[in-house]
Amino acid sequence: MAVAGSIVAKAVNTGLWNLKRCRTWNIRQAQTIRALSTLMSPPSRAVVYEHQGPPDSVTRLVELSPVEVKENQVCVKMLASPINPSDINRIEGVYPVRPEVPAVGGYEGVGEVYSVGSAVKGLAPGDLVIPSPPSSGMWQTYVVKDYDMWHKISKDSPIEYAATVTVNPLTALRMLEDFTTLNSGDSIVQNGATSIVGQCVIQLAKFRGIHSINIIRDRPGSDEVKEKLKALGADEVFTESQLEVKNVQSLLSNIPGPALGFNCVGGNAASLVLKFLRQGGTMVTYGGMSKKPVTVSTSSFIFKDLSLRGFWLQKWLSADKAKECRHMIDYLLCLAKEGKLKYEMELVPFNNFQTALDKALGKHGNQPKQVIKF
């Protein structure tokens, strides 16, 4: 009986050992399966800055390790992203809202869905998407963000326009619609007319039958610039020196005094916009390229009853406007696809980012919008 009991005990112990070994193996197998099933992005190349300062000094191109794509996230292979003045200001540390450093540059762009998390609905690999509202970190080859940050757009959207549609064209559209009611036959006046916003204002106003009076700075080739703006639909284009007259209204032919003006320059250029505005008109400031203040004569306030307003797209977007914003983006992209909204851009390979940045910083004179192509 003792022998039999020993055999039984040994069998039991062997069974327990095998059971423990089986459990250990199952745990290890489950861990391996989980590790293998974790969705990861590919390695990414990115333009990173570790502290604020001159963009040409503090930015560098680095390799980033893969990151996990969580169940509610989307990994996007970036196709194109512009260098906007606001991107430069964020890197310099002078923009009101900026990401914590170290940070990846870029605020808008377009990409193709590479992979999606298990809980994502409505987006699939191959879809064309843009960050909407815009989001930091677009200057990299792969971007991972929550699915609701991405807006699916038509696959036949022109890539360079999809990459740039949000910041500048949307600013132009909102300013035309948010500050006063404009009807066909009315007019607007703006400085900085050669900017992307300025070009979009001209074209969007033209669609609505609204006249545009445009002010550009004095520079060589200004006559050629005037012709380009008129080809976009500008009614009148003046250099600043042409407006050094007492009565600027006398320069207009059959165009009513504008009720609305846009200023992105400041200084004397802003004063010229104010000179054109009719009684009770409004000037909207959305930039300050000259770094000079807006000054207004006392008589303009008292006798013309002018109003001064400001517009900041990021503030508008933060006011629960995501759905409205996306409808407008689709509208603007449709115009671009039909050739009804256009502006000059230069596509630059990602490897040549530093050259594109130098152009965006004005080191090579006047240059078209720089758009990085990944």
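Placed above this text is the structure.
The residue numbers shown here count from 1 along each chain, following its written sequence. Per-residue local features are limited, in this predicted model, to residues with pLDDT of at least 70; the limit for side-chain atom pairs, both in listing and counting, is 80 or more; totals at the level of whole chains, interfaces and linings are taken over all residues. Note that the side-chain values use all heavy atoms of the structure and ignore hydrogens as well as water.

*Asks:* How would you explain the overall build of the protein if you had to name every residue and give the values?
*Replies:* Going along the chain from the N terminus, every DSSP run of H or I of four or more residues is numbered as a helix, and every run of E of two or more is numbered as a strand. When you go through the protein residue by residue, the secondary structure sums to 12 helices and 16 strands. Relative accessibility under 20% of the residue-type maximum defines a buried residue, over 50% an exposed one, and the middle range a partly exposed one, all with a 1.4 Å probe and only protein chains included. Looking at the 374 residues of the protein, the share that counts as buried comes to 46%. The contact criterion used throughout is that any non-hydrogen atoms of two residues lie within 4.5 Å. The long-range share in the protein, meaning contacts at least 24 apart out of those at least 6 apart in sequence, stands at 72%. Per-residue and other accessible areas were derived by the Shrake-Rupley procedure at a 1.4 Å probe size, with only the shown protein chains allowed to occlude residues. Total accessible area on the protein is roughly 18,700 Å²; 53% of this is exposed by carbon and sulfur atoms.

*Asks:* With reference to specific residues and values, describe a nonpolar patch on the surface.
*Replies:* A residue counts toward a patch only above 30% relative accessible area and without a salt bridge, and it is joined to like-charged neighbours within 9 Å or, for Val, Leu, Ile, Met, Phe, Trp and Tyr, to nonpolar neighbours within 5 Å. Note on definitions: salt bridges are taken to be side-chain nitrogens of Lys or Arg within 4 Å of carboxyl oxygens of Asp or Glu. Nonpolar side chains collect at one region of the surface, where Val294, Phe301, Ile302, Phe303 and Leu308 lie side by side and expose about 490 Å² of accessible area between them. On the secondary structure map, Leu308 appears in strand 14 (residues 307-310).

*Asks:* Go over helix 8 (residues 267-276), please, and point to the residues and values.
*Replies:* By the criterion of burial, helix 8 is predominantly enclosed, with 7 of the 10 residues buried. Next to the buried residues of helix 8 lie strand 9 (187-191), strand 10 (211-216), strand 11 (236-239), strand 12 (260-263), strand 13 (282-285) and strand 14.

*Asks:* Explain the sheet that holds strand 1 (residues 44-49) residue by residue, including any values.
*Replies:* Pairing between two strands is assigned when DSSP locates at least 2 bridges connecting them. With antiparallel pairing, the 3 strands of this open sheet are ordered in space as 2-1-4. Since the sheet does not close on itself, it has two edges, and those belong to strand 2 (59-64) and strand 4 (103-104), each with one partner.

*Asks:* For the layout of surface pockets, give the residues involved together with the corresponding values.
*Replies:* Cavities and pockets were defined on a 1 Å grid built over protein atoms only: a cavity is a set of grid points that admits a 1.4 Å probe from which the probe cannot escape, a pocket is an open set flanked by protein on both sides within 12 Å along at least five of seven lines, and lining residues are those with an atom within 4 Å of any such point. Grid points are joined across faces, edges and corners, and a volume is the space filled by probe spheres set on the points. Considering only enclosed or pocket space, the second largest pocket measures out at about 180 Å³ in volume. Lining the second largest pocket are 13 residues, with Val67, Gln140, Tyr142, Val143 and Val144 positioned closest to its centre. The leading source of residues in the lining of the second largest pocket is strand 7 (residues 142-146), at 4 residues. Its residues assigned to classes, the lining of the second largest pocket shows 6 nonpolar, 6 polar and 1 charged. Residue type decides the class: Asp, Glu, Lys and Arg count as charged, Ala, Val, Leu, Ile, Met, Phe, Trp, Tyr, Cys and Pro as nonpolar, and the leftover types, Gly among them, as polar.

*Asks:* So what about the packing of helix 5 (residues 168-178) against helix 11 (residues 322-337)? Which residues, and what values?
*Replies:* The axes used here are C-alpha line fits, helices contributing only the stretch in contact, and every angle between their N-to-C directions lies in the interval 0 to 180 degrees. Following both chains from N to C, one finds helix 5 and helix 11 inclined at 105 degrees, their axes separated by 10 Å at the closest point. It follows that helix 5 is roughly perpendicular to helix 11 by the angle criterion. The segment helix 5 lies against helix 11, with Pro169, Leu170, Leu173 and Arg174 engaging Glu324, Cys325, Met328, Tyr331 and Leu332. The residue inventory of the contact of helix 5 with helix 11, partitioned by class, reads 7 nonpolar, no polar and 2 charged. Roughly parallel here means an angle under 35 degrees, roughly antiparallel means over 145, roughly perpendicular means 65 to 115, and every remaining angle is called oblique.

*Asks:* Requested: an account of the nonpolar core, with residues and values cited.
*Replies:* Counting 42 residues, the largest nonpolar core has Val110, Leu170, Ile188, Phe262 and Trp316 as its most contacted members. Among the secondary structure elements, those contributing two or more residues to this core are strand 6 (128-131), helix 4 (159-164), helix 5, helix 6 (196-207), strand 12, helix 10 (313-318) and helix 11. Start and end points for every domain follow an automatic or database-based domain assignment. Each of domain 1 (44-164 + 344-373) and domain 2 (168-314) gives at least three residues to this core. Counting 18 residues, the second largest nonpolar core, distinct from the first, contains Ala46, Val104, Val348 and Phe350. Nonpolar cores were defined as sets of buried Ala, Val, Leu, Ile, Met, Phe, Trp, Tyr and Cys residues, with membership established by side-chain atoms within 4.5 Å.

*Asks:* An account of the pattern of salt bridges is requested, with residue identities and associated values reported.
*Replies:* Oppositely charged side chains are able to pair whenever their charged atoms sit close together. Tallied over the full model, the rule gives 12 salt bridges. Between Glu338 and Lys340 there is a salt bridge, with the nearest N and O atoms lying 3.3 Å from each other. By relative accessible area, Glu338 is classed as partly exposed at 46%. In this structure, the salt-bridge partner of Lys359 is Glu346, at a minimum N-O distance of 3.0 Å.

*Asks:* How would you sum up the pairing of strand 13? Please name residues and give values.
*Replies:* Pairing between strand 12 and strand 13: 4 bridges, direction parallel. Across the sheet, the residue bridging to Phe262 is Val284, located in strand 13. Between the parallel pair strand 12 and strand 13, the chain is carried across by helix 8, and the sense of this crossover is right-handed. Pairing analysis gives 4 bridges linking strand 13 to strand 14, with the strands arranged parallel. Residue pairing in the sheet places Thr285 in a bridge with Gly310 of strand 14. Handedness rule for crossovers: strands pointing away from the viewer, path from the first strand over the helix to the second running clockwise, crossover right-handed.

*Asks:* Give a detailed account of the environment of Asp305, specifying residues and quantitative values.
*Replies:* Within the secondary structure, Asp305 is located in the loop between helix 9 (298-302) and strand 14. What makes Asp305 partly exposed here is its relative accessible area of 48%. Here the alpha-carbon distance between Asp305 and Gly281, two residues 24 residues apart in the chain, equals 7.4 Å.

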